[in-house]
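# Architecture and fold: a report
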Amino acid sequence: MEKILIIANWKMNPQTLEQAMQIFDSIEDEAKNIKNVKVVISAPFVYLPKLAEKQSEIELCGQDCHWEKKGAYTGEISAEMLKNIGCEYVILGHSERRTYFNETDAIIEKKLKAGIDAKLKPILCIGETEEQKKLGKTSVILISELTRTLQQLVVDHMIIAYEPIWAIGTGKACNPEIAKKNLDIIRTALTNLKVKTSSVLYGGSINQKNAKDFIKAGFDGLLVGKSSLNSQEFNHILKLFA
Ligand code: PGA
């Protein structure tokens, strides 16, 4: 059986390296005992080299990258840099990047290509807004985000995070049955796009009470924001799969 992939997305947290190390160590202590789960931590760029020095089983993930390998792009980080300091993964197209930094599908497509070229495993985030859900447009949105970002790429395995935007950071996770319908839409779209194999994760207000429902619904893993900053809560989630 494939391991369940659980990714902690710390976003722009915590505020000190010391806190980051503490959370990491506490998660690592638990993760060692959970053989069915692959734990990945997506930390702010500045903490990644220190976390990489730990040579832990926990794999590291960037929260974004630039589409070029190097050059005059003040403030940016390339996919190769992430790979070179020991990251295996990179989150791309997170809704916070799309909303606050105006990332379009065209930009995300270029970043995906950069991530793949650098031999990182990109995690492509997709999801509908509350408004789009109300208008019954969820499937159109999911298919269009996948098509626009993936149709020109040659990828064997793709990791997708289905994150309904209205469920992120709101405490209102998606109903697992509805999430399952959207999972089926995503899987069919990926087959049509000739993506050979994929892992589809659920993200959006995951906690220890609801985490299992999404794995039961057929998701291959979870992308966890707020609950991953509290190592006790996150470790409870891991224990569900021991
Ligand atoms: P949340 O965030 O778990 O705090 O809702 C999820 C995410 O943004 O990846």
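Throughout what follows, the structure given in this document is the object of discussion. (Residues numbered from 1 in each chain as written. Predicted model: local features only at pLDDT ≥ 70, side-chain atom pairs only at ≥ 80, totals over all residues. Heavy atoms only, no water.)

### Digging into unusual backbone geometry
In this model, Asn13 is joined to Pro14 through a cis peptide bond whose omega is -10°. Assignment of secondary structure puts Pro14 in the loop between β1 (4–9) and α1 (17–31). For Lys119, which is not a glycine, the phi torsion comes out positive at approximately 65°. One can find Lys119 in the loop between α5 (105–117) and β5 (121–126). Residue classification places Lys119 among the exposed positions, given a relative accessible area of 63%. Residues other than glycine seldom take positive phi values, yet Ser205 does so here, at roughly 60°. As for its placement among the helices and strands, Ser205 is situated in the loop between β7 (197–203) and α9 (211–216). (Helix = DSSP H or I, 4+ residues; strand = E, 2+ residues; numbered from the N terminus. Buried < 20%, exposed > 50% of the residue type's maximum accessible area, 1.4 Å probe, protein only.)

### As for the side chain of Ser56
Mapping Ser56 onto the fold places it in the loop between α2 (48–52) and β3 (59–62). Ser56 sits in the buried class, given a relative accessible area of 18%. Side chain to side chain, Ser56 and Glu28 meet in a polar contact 2.8 Å long. Looking at Ser56, its side chain comes within polar contact range of the main-chain nitrogen of Ile58, at 2.8 Å. With residues near it in sequence (within four places) discarded, Ser56 still touches Phe24 and Glu28. (Polar contact = N/O pair within 3.5 Å; in protein donor to acceptor, adjacent residues only side chain to side chain. Contact = heavy atoms within 4.5 Å.)

### Topic: the site of the ligand
The ligand sits among 13 residues. The nearest are Lys11, His94, Glu163, Gly169 and Ser205. At 2.8 Å from an oxygen atom of the ligand is found a main-chain nitrogen or oxygen belonging to Ser205. At 2.9 Å from an oxygen atom of the ligand is found a main-chain nitrogen or oxygen belonging to Gly225. Residues of the shell around the ligand, tallied by class, amount to four nonpolar, six polar and three charged. (Near = heavy atom within 4 Å. Nonpolar A, V, L, I, M, F, W, Y, C, P; charged D, E, K, R; others polar.)

### Quick look at the pairing of strand β4 (residues 87–92)
Judged by how many residues are buried, β4 sits mostly within the fold: five of six residues are covered. Taken together, β3, helix α3 (residues 79–84) and β4 form a β-α-β motif whose crossover is right-handed. Where β4 and β5 come together, four bridges link them in parallel fashion. Across the sheet, Val90 pairs through a bridge with Pro122, a residue of β5. (Right-handed = clockwise from strand over helix to strand, strands pointing away. Pairing = 2+ DSSP bridges.)

### As for the nonpolar core
Formed by 64 residues in total, the largest nonpolar core has its most connected members in Ile6, Leu146, Leu150, Ile160, Tyr202 and Leu222. Discounting residues that sit within four places of it in the chain, Ile6 has contacts with Val37, Lys38, Val39, Val40, Leu222, Val224, Phe234, Ile237, Leu238 and Phe241. Membership of the second largest hydrophobic core comes to 12 residues, among which are Ile7, Tyr89, Ile159 and Leu201. (Core = buried A, V, L, I, M, F, W, Y, C linked by side-chain atoms within 4.5 Å.)

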